Amino acid sequence: MKKIFLGALLVLATASANAQPGGGMFGQMPQIEVTFNEYVAAPEGFDQETAGIERGTIEETEYQSKTVGTTRKVTVYLPPKYDKSKKYPVLYLLHGIGGDHKEWMQGVPNIIMDNLYAKGKAKPMIIVMPNGRALPNDKAEGDIYGAEKVKGFEIFERDLIDDLIPFIQGKYSTYTDQEHRAIAGLSMGGGQSLNFGLGNLDKFAYVGGFSSAPNTKQPEQLIPDVAAMKKANKLLWMVCGSKDFLMFNSSRLKAFCDKNDVPCTLIQYPEGQHDFVVWKYGLYNYAQLIF
Ligand code: FER
């Protein structure tokens with residue numbers, strides 16, 4: 001366990017926040033102490049293709065969104081030996097501000113999961129990687145940090161719950177209860193996962209945030225009812241790089257959870273930046289803890 005004094009990061013965080021939209025909230029950063037959970041490195045080769053093991057499959061499909069009024073693309077990873085006569089839990093895995101339904105492929109989730117399955121380290125699950133910018137033009141083009149594009153990440157809560165989840169449950173052989181549904185994401189997708197996962201405790205039992213962005217709501221908004229949270233949520237797991245200016249979003253929630261006796265993990269990735277080194281590590285660990 002390592003302790004850092006968040007106040008020491010204030011100057012750094014404020015400097016970065018001033019340059020970016022939505023960063024003003026850094027200014028009110030309280031001087032709080034946060035305790036990180038232990039960092040254990042992922043084993044060598046966890047993200048490298050292994051010869052001779054069973055492989056899952058990646059496919060791209062489309063669903064009708066009543067929320068957006070368009071047909072939307074989504075990437076799906078089916079585990080090795082996916083069998084329609086069985087039922088699978090589902091992980092919704094969300095991308096960042098510059099990404100779309102293909103961004104997570106940079107983090108080779110299929111290779112990470114195939115390796116975990118070869119070692120018996122994860123439960124067979126379906127991983128759904130949607131486009132989290134719920135707008136008629138959902139491409140990461142133009143002013144991606146602008147209010148209009150960022151709004152799409154908020155609207156996505158309805159697209160996810162009302163359109164995508166029912167579609168996935170209709171097309172694939174899945175469980176449909178809260179205990180068999182997880183959500184996690186990187187950066188903007190991390191903020192979405194915390195907002196939507198904790199905001200819909202009846203829908204998601206497992207919640208993960210990797211390098212979560214300033215779209216992350218305040219802890220008091222995320223967890224207005226500590227007792228309800230403790231009862232329904234089975235995992236709140238976060239990671240963020242020690243060199244990432246966005247650490248504050250995760251630290252603030254971790255400090256709130258510790259103060260209120262809510263189980264919560266936050267790992268500080270040593271020398272970690274805002275990149276797929278941290279996000280692959282996040283998926284590798286989070287995937288072993290769910291279902
Ligand atoms: C911000 C800084 C970073 C912000 C969003 C991000 C909406 C997202 C980064 C990412 O998804 O990689 O001020 O405001």
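Up top is the structure these notes are about.
Let me sum up the structure you'll find in this document. Since we're looking at a predicted model, the values are computed, not measured.

It is worth spelling out the pairing of strand β10 (residues 265–269) at this point. Where burial is concerned, most of β10 is hidden: 5 out of the 5 residues are buried. Strand direction decides the pairing type here: strand β9 (residues 235–241) and β10, joined by 5 bridges, are parallel. When the bridges of β10 are listed, M238 appears paired with L266. Handedness of the crossover joining β9 and β10 through helix α7 (residues 247–259): right-handed.

In this description, a pair of aromatic rings is defined by centroid distance and the angle of the planes. The final tally for this structure, using the stated rule, is 15 aromatic pairs. Clustering of aromatic rings is evident, with ring pairs tying together W104, F210, W237, F276, W279 and Y286.

By secondary structure assignment, the location of V34 is in strand β2 (residues 33–36). By relative accessible area, which is 0% here, V34 ends up buried. Through-space distance from the C-alpha of V34 to that of K259 is 10.0 Å; in sequence the pair is 225 residues apart.

In total, this model carries 12 salt bridges according to the counting rule given. Among the salt bridges present, the one from K280 reaches D47, with a minimum N-O distance of 2.8 Å. Taken together, the positions of K280 in helix α8 (residues 276–289) and D47 in the loop between β2 and β3 (57–65) put the pair 233 residues apart, joining distant regions of the chain. Between E271 and K243 there is a salt bridge whose closest N-O contact spans 2.7 Å. With E271 in the loop between β10 and α8 and K243 in the loop between β9 and α7, this pair connects stretches of sequence that are 28 residues apart. Accessibility expressed as a relative area gives 53% for E271, which makes it exposed. Where salt bridges share partners, they join R72, D138 and D159 into one cluster.

The strand order β3-β4-β6-β5-β7-β8-β9-β10 describes an open sheet built from 8 strands, whose pairing is mixed. Of all strands in the sheet, those with a lone pairing partner are β3 and β10, marking the two edges. Taken over all neighbouring pairs, the strand axes of this sheet differ in orientation by 20 degrees on average, direction set aside. Bridge count between strand β4 (residues 70–78) and strand β6 (residues 126–130): 4 bridges; the pairing is antiparallel. Within β6, the position partnered with Y77 by the bridge is I127. Against the sheet, helix α3 (residues 147–171) makes contact with β3, β4, β5 (90–94), β6 and β7 (181–186), and its axis sits at roughly 120 degrees relative to β3, the strand it touches most. Most of the contacts of helix α4 (residues 188–199) go to β7, to which it runs at about 150 degrees, and overall it touches β5, β7, β8 (206–210) and β9.

Take the side chain of S211 next. Tracing the backbone through its elements, the reader meets S211 in the loop between β8 and α5 (219–222). Engagement of the side chain of S211 in a polar contact is seen with the side chain of W279, the distance being 2.7 Å. The contacts of S211, once residues within four sequence positions are left out, are S187, V239, C240, D244, L246, H274, V278 and W279.

The subject of this paragraph is the environment of V239. With respect to the secondary-structure elements, V239 resides in strand β9. Classification of V239 as buried rests on a relative accessible area of 0%. Along the primary structure V239 and G209 are separated by 30 residues, whereas in three dimensions their C-alpha atoms are 6.7 Å apart.

Reading the values: rules and limits
- Residues numbered from 1 in each chain as written.
- Predicted model: local features only at pLDDT ≥ 70, side-chain atom pairs only at ≥ 80, totals over all residues.
- Heavy atoms only, no water.
- Buried < 20%, exposed > 50% of the residue type's maximum accessible area, 1.4 Å probe, protein only.
- Helix = DSSP H or I, 4+ residues; strand = E, 2+ residues; numbered from the N terminus.
- Pairing = 2+ DSSP bridges.
- Right-handed = clockwise from strand over helix to strand, strands pointing away.
- Phe/Tyr/Trp six-rings, centres within 6.5 Å; stacked < 30°, edge-to-face > 60°.
- Salt bridge = Lys/Arg side-chain N within 4 Å of Asp/Glu carboxyl O.
- Axes fitted to C-alpha atoms, helices over the stretch in contact; angles between N-to-C directions.
- Contact = heavy atoms within 4.5 Å.
- Polar contact = N/O pair within 3.5 Å; in protein donor to acceptor, adjacent residues only side chain to side chain.

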